[in-house]
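Examining the three-dimensional arrangement
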Amino acid sequence: EDKKILSNVIANQEIHQQYGGVVPELASRAHQQNIIPVVDTAIKKANIKKEDIDAVAFTNGPGLLGSLLVGSSFAKSFAIGMQIPLISINHMQAHILAHFINEGKEVPNFPFLCLTVSGGHTQIVKVESPLNMQVIGTTLDDAAGEAFDKSAKILGLPYPGGPQIDKYAKNGNIRAFTFGKPKINDLDFSFSGLKTSILYTIQAGIKENPNFIAENRQDLCASIQHAIVRILIEKLQKAIQQTGIKQIAIAGGVSANSLLRSELKRIGSQEGWATFIPPFEYTTDNAGMIAIAGHHKYLKGEFVGQDVTPNARLKI
Ligand code: KG4
Ligand code: ZN
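Summary of the structure given here. Along each chain, the written sequence defines residue order, and numbers are assigned to residues from 1. Here every chain gets a letter starting at A, and every ligand a number starting at 1, in the order they are written. For this predicted model, a pLDDT threshold of at least 70 governs which residues receive local features, and a threshold of 80 or more governs which side-chain atom pairs are given and counted, while totals over whole chains, interfaces and linings are taken from all residues. As a rule here, side-chain values cover all heavy atoms of the structure and leave hydrogens and water aside.

1. Thoughts on a nonpolar patch on the surface
Together, Y298, L299 and F303 line one region of the surface with nonpolar side chains, adding up to about 310 Å² of accessible area. Each helix corresponds to a stretch of at least 4 residues labelled H or I by DSSP, and each strand to a stretch of at least 2 residues labelled E; elements are numbered beginning at the N terminus. Along the chain, the position of F303 falls in the segment after α9 (287-300). You can call F303 partly exposed: its relative accessible area is 38%. Only residues whose relative accessible area exceeds 30% and that form no salt bridge enter a patch; like-charged residues are grouped when within 9 Å of one another, and nonpolar side chains (Val, Leu, Ile, Met, Phe, Trp, Tyr) when within 5 Å. Computed by Shrake-Rupley with a 1.4 Å probe, the accessible areas treat only the displayed protein chains as cover when residues are assessed. Should a side-chain nitrogen of Lys or Arg be within 4 Å of a carboxyl oxygen of Asp or Glu, the pair is scored as a salt bridge. Relative accessibility under 20% of the residue-type maximum defines a buried residue, over 50% an exposed one, and the middle range a partly exposed one, all with a 1.4 Å probe and only protein chains included.

Below, the structure written as structure tokens:
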């Protein structure tokens, strides 16, 4: 309702934990099973009737095609059934627009820079207006979330690994282990070298001591988390120097990371940046961010027809 979220229901897919990562075919099957109960619950929790809904917004990409197809097919059917407009949303834009959920709190001024970090993407985005943004830096290989998840897998921690590493890092020493740093020009990122460096450190440790991981879990997590966050913050600093923009936001699943959040605040206040961190519940994938993006498109009358098709590699 305007910029307020009336309900934000998430169906977690625990099925993937036993495989150590998302299995696309299982994800789309779980979506298929969950979508009607989730929408039904969302309508009930919002305390509205489905007839009160003015438009339906759905993720058109980027993402796993099977999952996108479930969402887009449902949204199209709902729009026909209710005779309301259909709005297609770019998932990464929606992560950024999560900052505009709920009026009354401070929001970034345009233009601002957003470090958008998720399981599939790592981007620095220059945001000119809600629907006009450009990617000025991106990862050349793994995403930051993948770096967390793959490191966690090496440590034998369950999927998704980001929150696990965050948890164990709390009581660890960030300087216990050092890993190779990427040398990538411009505003682009690379995390595959870091992953290899972590793997070698752990393999060497286990060779000396079979209990290496168990005995060093907290220090390993703290050092890994610190290395990933350093890479992110250093590129952000470079982007700020290059653009002169000092309105700085973070978004996406990895923006839930406690060190990234605290480092952004700490360095931001030293450097005179205005920093914006999304509320925790709107960091990892959620429907609220799709709704707020839909709100902006609705105001502009940006609707799509039934012929719209999802795009797994949709760009901002
Ligand atoms: O945005 P998101 O929910 O899904 C994608 O669009 O990919 O991001 C998921 C990613 C996963 O890689 C997960 O490990 C990471 O966000 N993540 C975290 C934390 N919470 C979620 N990474 C580090 N620290 C966290 N606290
Ligand atoms: Zn996401």
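That covers the picture; the talk isn't over yet.
2. Things to note about the site of ligand 1
Near is defined per residue: the residue qualifies when any heavy atom it owns lies within 4 Å of the molecule or strand. H95, G119, D149, D166 and D285 are the nearest of the 18 residues found near ligand 1. With respect to ligand 1, the side chain of N257 contributes an N or O atom lying 3.0 Å from a nitrogen atom. A distance of 2.8 Å separates an oxygen atom of ligand 1 from a polar backbone atom of D285. Listed by contribution, the elements that provide at least two residues to the shell around ligand 1 are α3 (91-97), α4 (144-154) and α5 (161-169). Think of a polar contact as two N or O atoms within 3.5 Å of one another; within protein, one of them needs to be a possible hydrogen donor and the other a possible acceptor, and neighboring residues in sequence only count if both atoms come from side chains.

3. Some details on the nonpolar core
In these notes, a set of buried Ala, Val, Leu, Ile, Met, Phe, Trp, Tyr and Cys residues joined through side-chain atoms within 4.5 Å is what counts as a nonpolar core. Formed by 44 residues in total, the largest nonpolar core has its most connected members in L115, L155, F191, L194, I228, L232 and L260. Contributions of two or more residues to this core are made by β3 (112-117), α4, α5, α6 (192-208), α7 (212-243), β6 (247-251) and α8 (258-271). When residues in this core are grouped by element, the largest group, 15 residues, is from α7. Counting 22 residues, the second-largest nonpolar core is a separate cluster that includes V127, Y282, M289 and I292.

4. Observations regarding the environment of R261
With respect to the secondary-structure elements, R261 resides in helix α8. As for R261 and M92, which are separated by 169 residues in sequence, their C-alpha atoms are 19 Å apart. It only takes one pair of heavy atoms within 4.5 Å for two residues to be counted as in contact. Once residues within four sequence positions are removed from consideration, R261 is found in contact with I250, S255, A256, I277, P278, P279, F280 and T283. Here the side chain of R261 touches S255 through a polar contact of 2.7 Å, landing on its backbone oxygen.

5. Some thoughts on the packing of helix α1 (residues 24-46) against helix α2 (residues 65-82)
One can describe the packing of α1 onto α2 by two numbers: an axis separation of 8 Å at closest approach and a directional angle of 30°. As judged from the angle between their axes, α1 and α2 are roughly parallel. For the pair α1 and α2, the sense of crossing is right-handed. Facing α1, whose interface residues are A27, S28, H31, Q32, I35, I36 and V39, α2 presents G66, S67, V70, G71 and F74. When its residues are assigned to classes, the contact of α1 with α2 shows six nonpolar, six polar and no charged. An axis is simply a line fitted to the C-alpha atoms; with a helix, the fit covers only the stretch in contact. Between two such axes, the angle follows the N-to-C directions and lies from 0 to 180 degrees. Here the word oblique covers every angle except those under 35 degrees (roughly parallel), over 145 (roughly antiparallel) and from 65 to 115 (roughly perpendicular). Each helix crossing is assigned a hand: it is left-handed if the near helix lies turned anticlockwise from the far helix by less than a right angle, otherwise right-handed if that turn is clockwise. Under the convention adopted here, Pro, Cys and the residues Ala, Val, Leu, Ile, Met, Phe, Trp and Tyr are nonpolar, Asp, Glu, Lys and Arg are charged, and Gly plus all remaining residues are polar.

6. Brief notes about the coordination of the zinc ion (ligand 2)
Donor selection uses N, O and S atoms within 2.8 Å of the metal (3.2 Å for Na, K and Ca). Since no water is included, sites may look incomplete. Here the zinc ion (ligand 2) is held by the protein donor atoms H91 (NE2), H95 (NE2) and D285 (OD), which lie 2.0 to 2.1 Å from it. Going along the chain, you hit the donors of the zinc ion (ligand 2) in the pattern H-x3-H-x189-D. Linking H91 with H95, this pair stays in helix α3, spanning four residues, or about one helical turn. We note that H91, like H95, is buried.

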